Protein chains: 2
Amino acid sequence: MKLSRLGEFGLINDVIVPEFKALVSKNFTGIGDDCSIIPVNANLSHIFTTDMLVEKTHFLRDKITPYQLGFKSLAVNLSDIAAMGGAPTASYLSVGFTPDLEVEWVEEFLKGYKDLSEKENVPLLGGDTTSSEDGIVINVGVEGEISPDRIKLRSAAREGDVICVTGMLGDSAGGLQCILEDIPGSSETQSLYQQHLSPWPHVSEGRWLAAHEGVNAMIDVSDGVGSDLKHILKASGKQATVELESFPISDELIKLSRKYDWNPFKLAVSGGEDYVLLLTVNADHYDDTAQSFQHYFSKPLYAIGRISGGKPQIRFQHNGKEVSNLNKGYSHFRE
Amino acid sequence: MKLSRLGEFGLINDVIVPEFKALVSKNFTGIGDDCSIIPVNANLSHIFTTDMLVEKTHFLRDKITPYQLGFKSLAVNLSDIAAMGGAPTASYLSVGFTPDLEVEWVEEFLKGYKDLSEKENVPLLGGDTTSSEDGIVINVGVEGEISPDRIKLRSAAREGDVICVTGMLGDSAGGLQCILEDIPGSSETQSLYQQHLSPWPHVSEGRWLAAHEGVNAMIDVSDGVGSDLKHILKASGKQATVELESFPISDELIKLSRKYDWNPFKLAVSGGEDYVLLLTVNADHYDDTAQSFQHYFSKPLYAIGRISGGKPQIRFQHNGKEVSNLNKGYSHFRE
């Protein structure tokens, strides 16, 4: 059987996890959450995450600037640290660069990586540089630390929890759509491009939320809120009802969706790469948490649904009505 | 300027290190040794290393079995942990696989990776799996731990130290030579292939040496003993005299060198990928250390030269005579 038929999740869940399970100590957390967790002592756990970006699979060289690529390579990893509620302590950068690259390109790439490193105060402590004839490859690893009692796992969602996100959904997918459809540039496309090409990891939000009572499960939105919520539901053994009309959709995405008859909910649910945090909050703590969050970050903690009992699946609703097909265009959902 | 002109060390030393220096805390060790070092407490430091293997640059798919590739991907990283004197605690594996790969190929790759993981008792705690259209890419990261007073740095070589290695030199380069020259198979070529394709990381040796008084600088031999010794000399500000006749060269490499007029010393000095440890030992402690090493590992700790004062360079000698050109064939050095 070809690997392409097995797919990424098949490879991880059916081959890698069962093969390597036996070596993992009971107090370690391995594959299956946003980061691995190694306990150091009663007050400190060590966490780690790594992501590989391959040219043509994850980016096209003529559609992203080297600065943006450097920024994003680190951002997607910091987002995984954020999803555990952790603080990043160091990063490692491996690059396979094509020999024909200009040194200026590499300098711009490093500038993007460095600017985000500085903003989040994360030192680059190592890595590897090599030649890759057939395309650029980037692998970043980030380590972080967290107090064991603050770790936010995917498996911690409870019945009745409010499902929340820390920022807009679908903008990144909209940005990709603009690139793929060659949509003419405007202030709206610029805003979506920005989300797609230079996503801002919600590290501060993650740490703040991890320190607040009532926050249960957490994950970052990398595959799309639909797919990532399913990870929480599977790990927690719960069901979710999601209200599409509560989704935080930007004005820019609404405008472009109207113009090109996109379905912004579909982009939000399955587009991915938003790198906001998706979390579940105990209903009794939600009002208080949302108010404090608004006060601290000057932006809302958006409630988009509820956790319930039942088999792991998402029920989508729009203004109280069940939605079975998200593939219809914007006009279908227009009020 | 094209990146190919700047080269790997140029990119690291001239661009990356100066750009990122400011963010590294004073008590952290970043780029410039085999691993990064983050102090945890008085008894524990956390170390980390990462290496990227790219198809065509580091391996040819039809010259290495997937099992060997999996084994080697982890081995080269464990070797860096060994070079610090550390104990590996976890590994992370990112793979970019071409979609046309057979699942059996991937399973064999993972089997090689797992067999070494089991032998060294290192759990796989995470990673990334992705598609890479234009060739296989592998990035492995390994974290480890060590007591701060046992860390072996490149910069610790002292005048008068005996330079030692923990195993044969040049076999891996000889194996590569066999592959490149399509040398017909024999028991000798098999032995060299084994060293080249499935190098055994000297983790136990590294930990044992780190615990022994008198062991100063240490590094693993990945680029060739010439190049790696220079890293020690530069970091320590010292000079070295190396006696080629003391080099541990295997009978197999000698036989093939005779037959094909290779220079085994050249292969040993600049071939690389031996993944033995190269260290300097205080002369007063050398006899005792070598005896205990022989007793514990049932193999010698080979002395190959001496550290002296002076600018960082290596003086090669053969039976007391200066050797200025290592490019001559085997016959030139035959006694």
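The structure under discussion appears in the preceding block.
Below, the structure is looked at part by part. (Residues numbered from 1 in each chain as written. Chains lettered and ligands numbered in written order. Predicted model: local features only at pLDDT ≥ 70, side-chain atom pairs only at ≥ 80, totals over all residues. Heavy atoms only, no water.)

## Remarks on the overall build of chain A
- Regarding its fold elements, chain A presents 11 helices and 12 strands.
- Relative to a compact globule of 335 residues, whose C-alpha radius of gyration would be 20 Å, chain A shows 20 Å and is just as compact.
- Considering chain A as a whole, with its 335 residues, one finds that 59% of them fall into the buried category.
- Of the roughly 13,700 Å² of accessible surface on chain A, 45% is carried by carbon and sulfur atoms. (Helix = DSSP H or I, 4+ residues; strand = E, 2+ residues; numbered from the N terminus. Rg over C-alpha atoms; globule rule 2.2 N^0.38 Å. Buried < 20%, exposed > 50% of the residue type's maximum accessible area, 1.4 Å probe, protein only. Areas by Shrake-Rupley, 256 points an atom, 1.4 Å probe, with all protein chains shown as cover.)

## Structural notes on the relation of the copies chain A and chain B
- Placing chain A over chain B gives an RMSD of 0.0 Å and needs a rotation angle of 180°, together with 0.0 Å of translation along the axis. Here the symmetry operator amounts to a two-fold rotation axis. The C-alpha atom lying nearest the rotation axis in chain A is that of Asp 134 of chain A; the distance is 3.0 Å.
- The residues that chain A uses at the interface reappear at the interface of chain B in 100% of cases, marking a shared surface. (Least-squares fit on C-alpha atoms with pLDDT ≥ 70 in both. Contact = heavy atoms within 4.5 Å.)

## Remarks on the side chain of Asp 115 of chain B
- Assignment of secondary structure puts Asp 115 of chain B in helix α3 (residues 103-119).
- Separated by 2.6 Å, the side chains of Asp 115 of chain B and Tyr 67 of chain B make a polar contact. (Polar contact = N/O pair within 3.5 Å; in protein donor to acceptor, adjacent residues only side chain to side chain.)

## Quick look at the environment of Ser 246 of chain B
Residues and elements named next belong to chain B.
- The residue Ser 246 is located in the loop between β8 (239-243) and α8 (251-260) in this model.
- Given a relative accessible area of 26%, Ser 246 falls into the partly exposed group.
- Sequence-wise, Ser 246 and Gln 317 are 71 residues apart; in three dimensions their C-alpha atoms are separated by 9.9 Å.
- Beyond its immediate stretch of four places on either side in the chain, Ser 246 contacts Ala 303 and Ile 304.

## Considerations on the interface of chain A and chain B
- At the interface, 70 residues of chain A touch 70 residues of chain B.
- Taken over both partners, the interface formed by chain A and chain B buries close to 5,900 Å², and the fraction arising from carbon and sulfur atoms is 66%.
- On the chain A side of the contact with chain B, Phe 20, Leu 23 and Leu 125 of chain A bury the most area, a combined 12% of that side's loss.
- Between Glu 19 of chain A and Lys 114 of chain B there is a salt bridge; the shortest N-O distance is 3.0 Å.
- Applying the counting criterion to the chain A and chain B interface returns 31 residue pairs in polar contact (both at pLDDT 80 or more).
- For the side of chain A that touches chain B, the secondary-structure elements that each account for two or more residues are α1 (3-20), β1 (36-41), β2 (44-54), β3 (87-97), α3 (103-120), β4 (124-131) and β5 (137-146) of chain A.
- Within the side of chain A that touches chain B, the residues separate by chemical class into 34 nonpolar, 21 polar and 15 charged. (Buried area = accessible area lost by both parts, 1.4 Å probe. Salt bridge = Lys/Arg side-chain N within 4 Å of Asp/Glu carboxyl O. Nonpolar A, V, L, I, M, F, W, Y, C, P; charged D, E, K, R; others polar.)

## Things to note about the pattern of salt bridges
- Applying the stated criterion across every chain, the model contains 26 salt bridges over all chains.
- Among the ionic pairs, Lys 72 of chain A bridges to Glu 273 of chain A, the shortest N-O distance being 3.2 Å. Taken together, the residues span a long stretch of sequence, with Lys 72 of chain A in helix α2 (residues 66-84) and Glu 273 of chain A in the loop between α9 (264-270) and β9 (277-281) at a distance of 201 residues.
- A residue is classified by how much of its surface remains accessible, and Glu 273 of chain A, at 22% relative accessible area, is partly exposed.
- Several salt bridges share partner residues, and in doing so they unite Glu 19 of chain A together with Lys 114 and Glu 118 of chain B into one network.

## Things to note about the side chain of Asp 33 of chain A
All names here are of chain A.
- Take Asp 33: it is sitting in the loop between α1 and β1.
- Taking relative accessible area as the criterion, Asp 33 reaches 16% and is therefore assigned buried.
- For Asp 33, the side chain forms a polar contact with the main-chain nitrogen of Arg 154, separated by 3.0 Å.
- Apart from the residues lying within four places of it in its own chain, the contact partners of Asp 33 are Met 84, Lys 152, Leu 153 and Arg 154.

## Regarding the sheet that holds strand β6 (residues 162-165) of chain B
All names here are of chain B.
- Strand order across the open sheet formed by seven strands is β7-β9-β6-β10-β8-β11-β12, with mixed pairing between neighbours. Looking at the sheet topology across the chains shown, the edges are occupied by β7 (215-220) and β12 (321-322).
- Relative to strand β9 (residues 277-281), β7 is paired through four bridges, and the arrangement is antiparallel. When the sheet's bridge partners are listed, Asp 220 is paired in β9 with Leu 277.
- Its contacts with the sheet put helix α7 (residues 225-236) on β6, β7, β8, β9, β10 (302-308) and β11 (314-318), and the angle it makes with β7 is roughly 135°.
- Helix α10 (residues 283-297) rests against β6, β7, β9 and β10 of the sheet, and its axis sits at about 130° to β9. (Pairing = 2+ DSSP bridges. Axes fitted to C-alpha atoms, helices over the stretch in contact; angles between N-to-C directions.)

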